[in-house]
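Each chain is listed here by its residues.
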Amino acid sequence: MYDRKKLEGIAKKRKEWESTCYVPLKEKAPEVRERFQNLSWTDLKAVYGPDDIQGFDYIKDSGFPGEFPYLRGVHSTMYRGKTWTMRQFAGFGTAEETNKRYKYLLEHGETGLSVAFDYPTLYGYDTDHPLARGEFGKCGVAISSLKDMELLFKDIPVDKVTTSMTINGPAPIVWGFYIANADNRGIPRSRIGGTIQNDILKEYIAQKSFIFPPEPSMRLIVDTFEFGSKEVPRWNTISISGYHIREAGSTAVQELAFTLADGFEYVRWAVARGLRIDDFAPRLSFFFNAHNDFFEEIAKYRAARRIWARGMKEMGAKKERSLLMRFHTQTAGVSLTAQQPEVNLVRVALQAMAAVLGGTQSLHTNSMDEALALPSEKAVRLALRTQQVIEEETGVTGTIDPLGGSYYVEWLTDRMEEEALRYFDKIEKLGGMLPAIEKGFFQREIAEASYKFQREIESGKRITVGVNKYKMNEPVEIPLLEMDKEGERVQFERLRKLRKDRDGPKLEKALKRLRKAAEGTENTMPFILDCVHAYGTLGEICGVFREVFGEYKEPAIF
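Everything in this summary refers to the structure shown in the same document.

Each value, and the rule that gives it
Sequence order as written defines residue numbering, which begins from 1 separately in each chain. Only residues with pLDDT of 70 or above have their local features reported here, since the model is predicted, and side-chain atom pairs are shown and tallied only from 80 upward, although totals for entire chains, interfaces and linings are computed over all residues. As a rule here, side-chain values cover all heavy atoms of the structure and leave hydrogens and water aside. Whether two aromatic rings pair depends on their centres lying within 6.5 Å, for rings of Phe, Tyr and Trp, where Trp uses its six-membered ring; planes under 30 degrees apart make the pair stacked, over 60 edge-to-face, and the rest tilted. Numbered from the N terminus, helices here are DSSP runs of H or I no shorter than four residues, and strands are runs of E no shorter than two. Buried residues are those whose accessible area, probed at 1.4 Å on protein chains only, stays under 20% of the maximum for their type, while exposed residues exceed 50% and partly exposed ones sit between those limits. Here, a charge over a ring is recorded when the distance from Lys NZ or Arg CZ to the ring centre is within 6 Å and its angle to the ring normal is within 35 degrees. Here, any two strands with at least 2 DSSP bridges between them count as paired. Any two residues whose heavy atoms approach within 4.5 Å are treated as being in contact. Between the N-to-C directions of two axes lies an angle of 0 to 180 degrees, each axis being a line fitted to C-alpha atoms and, for a helix, fitted only over the stretch in contact. In these notes the angle categories are as follows: under 35 degrees is roughly parallel, over 145 is roughly antiparallel, 65 to 115 is roughly perpendicular, and the rest is oblique. Each crossing is labelled by how the near helix is turned from the far one, with a counterclockwise turn of less than a right angle marking it left-handed and a clockwise turn marking it right-handed.

1. Looking at the packing of aromatic side chains
Then comes step 1: Going through the model one piece at a time under the given rule, you end up with 33 aromatic pairs.
Then comes step 2: With centroids separated by 4.7 Å and ring planes inclined at 35°, the aromatic side chains of Tyr48 and Trp411 adopt a geometry described as tilted. Of this pair, Tyr48 sits in the loop between helix H1 (4–21) and helix H2 (58–62) while Trp411 is found in helix H16 (residues 407–429), placing the two residues 363 residues apart along the sequence. By the burial criterion, Tyr48 is buried, and Trp411 matches it.
Then comes step 3: Between Tyr408 and Trp411 the ring centres are 6.5 Å apart and the planes differ by 20°, which places this aromatic pair in the stacked class. Of this pair, Tyr408 and Trp411 both sit in helix H16, three residues apart, roughly one helical turn.
Then comes step 4: Here Tyr408 falls in the buried class, since its relative accessible area comes to 16%.
Then comes step 5: Given the relative accessible area of 13%, Trp411 is considered buried.
Then comes step 6: Lying across the ring of Tyr125, Arg546 places its NZ or CZ 4.2 Å from the centre.

Structure representation (structure tokens):
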């Protein structure tokens with residue numbers, strides 16, 4: 001595009017401009033900063049030009065949408081052909097309450113469901129387990145058996161609506177509940193679609209809702225890959241999640257690097273099992289955060305697609321779909337403030353716009369009241385309307401990757417990729433993903449970044465509107481959702497009745513077969529489904545794995 005002589009001339013001209021455009025230090029107003037950085041503490045220049053992306057080859061490094069290395073998008077038509085799926089993460093209390101919320105969202109234009117589970121479910125316990133007391137319905141819906149799953153999706157066409165489920169340690173079991181529900185309704189497994197998060201590595205790194213040690217956990221994940229590719233071909237058997245890594249306090253670069261490192265590790269384990277990469281890789285999906293730094297987030301998504309496509313090709317993938325990084329995005333929960341919660345609407349709109357300009361396939365927009373309570377109907381409707389306004393009114397769906405070619409965006413995309421690859425080298429030197437986890441590498445990196453960011457907030461170096469600047473002393477006037485306090489009692493009674501009415505001997509036989517499979521090397525999914533169809537509870541099925549595999553105890557790292 002530019003010869004060397006012309007590039008040198010541009011660089012010289014910029015230096016001349018920089019010498020004249022900056023305000024002398026003594027004339028600066030107090031709020032004028034001398035140094036500008038993004039949320040990964042990357043120093044930013046005042047302006048970028050073609051000399052910043054020397055060596056950039058459009059066809060090799062960028063290409064067109066739908067073409068390798070997919071920097072500009074995984075599909076040739078992107079939103080001109082199909083708009084991103086609009087999902088609102090929802091789940092609270094009983095299955096019946098959550099079912100009502102799902103129907104409300106579908107009536108208002110949501111195009112895909114996303115299930116939030118409560119803490120006992122995330123840790124593989126039934127609601128009436130002693131360790132679950134007092135935690136019912138907090139942060140999600142309680143699902144203890146197939147009966148709960150049947151109520152959760154009652155009258156919802158699961159063969160027409162895709163469902164995402166944020167579940168990790170007990171993911172194969174909860175997925176089994178969903179599959180069995182479809183079986184009982186006469187819906188072929190080939191017609192149900194959706195995603196289970198099933199990303200255990202990021203649990204050890206960031207979110208901490210792990211149950212079993214790493215090796216047997218990885219085995220269960222590969223079981224889902226193998227079973228899904230044969231039995232449930234429209235299902236994404238994993239959503240490799242950077243979202244929770246970012247929510248734990250990582251930078252955007254760390255989120256990018258650690259998420260993709262997790263993804264490549266899952267591929268290695270599946271290939272080591274003997275699975276053909278092109279049989280399971282097309283159903284791998286990703287889940288990213290959309291944080292406050294607008295351009296950094298866009299560059300992150302673009303870099304992620306290119307790194308994944310090149311890496312999968314190096315690992316032997318041949319099918320085009322195996323190279324595609326398809327991802328869901330959720331706006332940053334950690335960026336929401338309890339102070340002046342209406343301002344969260346602005347944050348979420350900008351974060352959502354970054355996700356769309358970055359080429360997401362699916363999007364959840366947080367509600368303005370989530371720093372205070374589970375979202376009310378009004379708040380969740382406004383969150384959904386945010387996506388609908390972006391789609392229908394802003395014009396951003398008309399052109400694919402409209403920021404592609406921006407000197408700044410291309411430079412930042414390259415820079416984030418370079419920094420992610422440096423992290424890959426560090427992980428390799430530590431012996432790979434599992435040894436790095438055991439050594440606390442990821443945990444320390446995230447903790448240090450989180451501490452640094454919080455110090456900047458507290459010192460006022462980094463501004464959060466309404467928290468450390470533009471503060472107001474006023475009561476919160478938005479309506480908040482209040483939970484039904486009877487839900488836990490209803491759930492207890494349902495479990496009691498389930499255990500009384502089911503075929504006990506049939507379940508005992510199924511649980512014994514599952515134990516034998518877990519002790520051996522067979523794929524556990526068919527045995528899990530037998531237990532589920534016999535109305536075994538989440539705690540009972542998970543208990544078999546706890547006895548066989550043991551529970552993971554995180555090592556001290558500080």
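Continuing now.
2. Quick word on the sheet that holds strand S9 (residues 362–364)
Then comes step 1: Taken in spatial order, the nine strands make up an open sheet running S5-S4-S3-S2-S1-S9-S8-S7-S6, and their pairing is parallel. Each of the sheet's edge strands pairs with one partner strand only, and the pair in question is strand S5 (235–236) and strand S6 (238–241).
Then comes step 2: Direction of pairing for strand S7 (residues 284–290) relative to strand S8 (residues 327–331): parallel, over a ladder of five bridges. Looking across to S8, one finds that Phe287 is bridged to His328.
Then comes step 3: Relative to strand S1 (residues 85–90), helix H3 (residues 95–107) is tilted by about 155°, and along the sheet it contacts S1 and strand S2 (112–115).
Then comes step 4: Lying over the sheet, helix H12 (residues 294–314) contacts S7 and S8, oriented at roughly 160° with respect to S7.

3. What about the packing of helix H10 (residues 252–273) against H12?
Then comes step 1: Between H10 and H12, the shortest axis-to-axis distance is 10 Å and the interhelical angle comes to 25°. When the axis of H10 is compared with that of H12, the two are roughly parallel. Between H10 and H12 lies a crossing of right-handed hand. On H12, the residues touching Ala252, Glu255, Leu256, Leu260, Gly263, Phe264 and Val267 of H10 are Glu296, Glu297, Lys300, Ala303, Ala304, Ile307, Trp308, Gly311 and Met312.

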